[in-house]
Every structure is written in C-alpha cells, then in structure tokens.
Amino acid sequence: ALRAALRDTDFWVRYHAVRSLARLGAQDVALELCDLAQNDSATPVRIAAVDALGELRASEAAPHLAQLAYHVDAELALPAITALGSVADADGQRTLMKFAAGSEPRRRAAALQSLAQRADANAIAELSGLALAQSGTPTMDQAVAALTQIRDERAYVALLELTRHPACRAAAVTALTQVGIIAESTLARGLCDPAEDVRHATVEVLARMKHS
C-alpha cells in the first residue's frame, strides 16, 4: 500500500508514504526513493526521500546523493550532504571533503557533520588534515569540533596530534577538555610524548578537567 502511495497524485500522500517506509526500514524501496529524490515535482517529497535514504543507509543512493549535494537549492542540497554521511562511497567522501573545505558556510557545516557521522578512519584523517590545512580559521574550529563528536580513541589521538601545531593547539586543548576523562588513555600517552609542547598541552587539558 505504501509503495503504491509513492505514485499518488497528491504530493502529501507521497511525502507521508516516504516517511512511513523509512520508519519501517524498507530497504527494498531504495531505488524508488532515489527516483523521487531526483525527479519528484514537489520539493518536500524530494527532501523526505533524501532523508529516508540516509536513514535506510542505502548504499546504492550514494551517487544520487552526491549529485544532489551540488543542487542550486540549498534546502535540497543540505539534506543530501547530511544523508551522504551515512552512505558515501569513495566518490561521495571526496564530495564531502570538497564541501568541508569550501567557502559556503552552510554546506561546509553540513559536510563536516557528515564526516563526523561516518566516524571511520578515513573521515578522522580527513578532518584532522583539514584542521591542520585551515589552521587559525573558522573551518579549523569546525573540523576540530567534528572530531570532538566522534567518540573514538582514533579521534582523540588526532586531537592530541594537533597540539603539536601552534595554530591548532588551543582549539585541540579545548576539544580534549570537552571530551573529558573518556580520553584517559590518549592523555596518558600525551604525558609521555617526547615533545614538550604535547606534554604541556596534555597537562593543561587535565588541569581544566578538574576531575579527581
């Protein structure tokens, strides 16, 4: 019944059918959702289809979402960038990095959030590299914040590594303080680092935590 409703003439019927199929975890409608995301005449239906593809983690949607990420209408492009974080293949990840390093604030923020959502080794490396390349800029701050959201020791190590670089050090120290004591093993490593700047930064993090 819901699949039939995807072809209804009333776009609100199509919209709610898409939302319901996403809640049901209906993986077998991914291609139909891709078609709606690309071609439906109603923007709310297209946005709902994009969101559903992200919720369903439909890998076949990656090229469609990457294409929509460039759409002139930001109301459609931003959800596509967000959904891409759940399904991106190698090309999709390159698309996310392009927007993450770009100059358009809303798409940059969405891309950074998507990379944080991926939380894999490649995303962590990309975010760390972006923070270093954009040191001292708002993009650096956003990349560091994205690393903070990834609850993974690899992300904590990346933040610790950023304390080696003067322009990134303050942001990385603040980020590690926000992460807190769950980064304990990484901080223990920082206290033993051969570089004095890293040891000093680690001590500052621990002092700011005020944890017994």
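Here the structure is a predicted model, which is why all the values come from computation and not from measurement.

Analysis parameters
Residues numbered from 1 in each chain as written. Predicted model: local features only at pLDDT ≥ 70, side-chain atom pairs only at ≥ 80, totals over all residues. Heavy atoms only, no water. Helix = DSSP H or I, 4+ residues; strand = E, 2+ residues; numbered from the N terminus. Buried < 20%, exposed > 50% of the residue type's maximum accessible area, 1.4 Å probe, protein only. Phe/Tyr/Trp six-rings, centres within 6.5 Å; stacked < 30°, edge-to-face > 60°. Core = buried A, V, L, I, M, F, W, Y, C linked by side-chain atoms within 4.5 Å. Contact = heavy atoms within 4.5 Å. Salt bridge = Lys/Arg side-chain N within 4 Å of Asp/Glu carboxyl O. Axes fitted to C-alpha atoms, helices over the stretch in contact; angles between N-to-C directions. Parallel < 35°, antiparallel > 145°, perpendicular 65-115°, else oblique. Nonpolar A, V, L, I, M, F, W, Y, C, P; charged D, E, K, R; others polar.

A. Structural context of the overall build of the protein chain. When helices and strands are counted, the protein chain shows 14 helices and zero strands. In the protein chain, the succession of α and β elements from N to C terminus is α-α-α-α-α-α-α-α-α-α-α-α-α-α. Each of the three principal axes of the protein chain carries a C-alpha extent, and together these read 65 × 35 × 25 Å. Here the protein chain holds 212 residues, and the buried ones make up 48% of them.

B. Region of interest: the packing of aromatic side chains. Scanning all chains against the criterion turns up three aromatic pairs. Both rings, one in Phe 11 and one in Trp 12, keep their centres 4.7 Å apart while their planes meet at 35°; by these two values the pair is tilted. Ring geometry for Tyr 70 against Phe 99: centres 5.0 Å apart, planes inclined by 50°, an arrangement best described as tilted. Of this pair, Tyr 70 sits in the loop between α5 (62–68) and α6 (74–87) while Phe 99 sits in helix α7 (residues 90–100), and the two are 29 residues apart along the sequence. Classification of Tyr 70 by relative accessible area gives partly exposed; the value is 42%. Through successive ring pairs, a cluster of aromatic residues spans Phe 11, Trp 12 and Tyr 15.

C. Just the nonpolar core, in detail. Leu 53 and Leu 65 are the most contacted members of the largest nonpolar core, which totals 76 residues. At eight residues, α6 tops the list of elements feeding residues into this core. Apart from residues no more than four positions distant in its own chain, Leu 65 is found in contact with Val 50, Leu 53, Ala 80, Ala 83, Leu 84 and Val 87.

D. Seen up close, the environment of Ser 185. By the element assignment, Ser 185 lies in helix α13 (residues 184–191). Taking the C-alpha atoms as reference, Ser 185 lies 9.4 Å from Tyr 156; in sequence the two are 29 residues apart.

E. Local environment of the pattern of salt bridges. Evaluation of the coordinates by the stated rule reveals 13 salt bridges. With its nearest N and O atoms 2.6 Å apart, the salt bridge here joins Asp 193 to Arg 164. With Asp 193 in the loop between α13 and α14 (196–209) and Arg 164 in the loop between α11 (153–162) and α12 (166–179), this residue pair connects regions lying 29 residues apart in the sequence. For Arg 164, a relative accessible area of 32% translates into the label partly exposed. Between Glu 204 and Arg 208 there is a salt bridge, with its nearest N and O atoms 2.7 Å apart. Of the two residues, Glu 204 and Arg 208 are both situated in helix α14; the distance of four residues between them amounts to about one turn of the helix. When its relative accessible area of 31% is taken as the criterion, Glu 204 is described as partly exposed. Look at the salt bridges and you will find they share partners, linking Arg 3, Asp 28 and Glu 32 into a network.

F. Up close: the packing of helix α2 (residues 11–24) against helix α4 (residues 43–56). Running from N to C, α2 and α4 point in directions that differ by 5°, and their axes come no closer than 9 Å. Here α2 lies roughly parallel to α4, going by the angle between them. Residues Phe 11, Trp 12, Arg 14, Tyr 15, Val 18, Arg 19, Leu 21 and Ala 22 of α2 lie in contact with α4, whose contacting residues are Pro 44, Val 45, Ala 48, Ala 49, Asp 51, Ala 52, Glu 55 and Leu 56. Of the residues in the contact of α2 with α4, the class split is twelve nonpolar, no polar and four charged.

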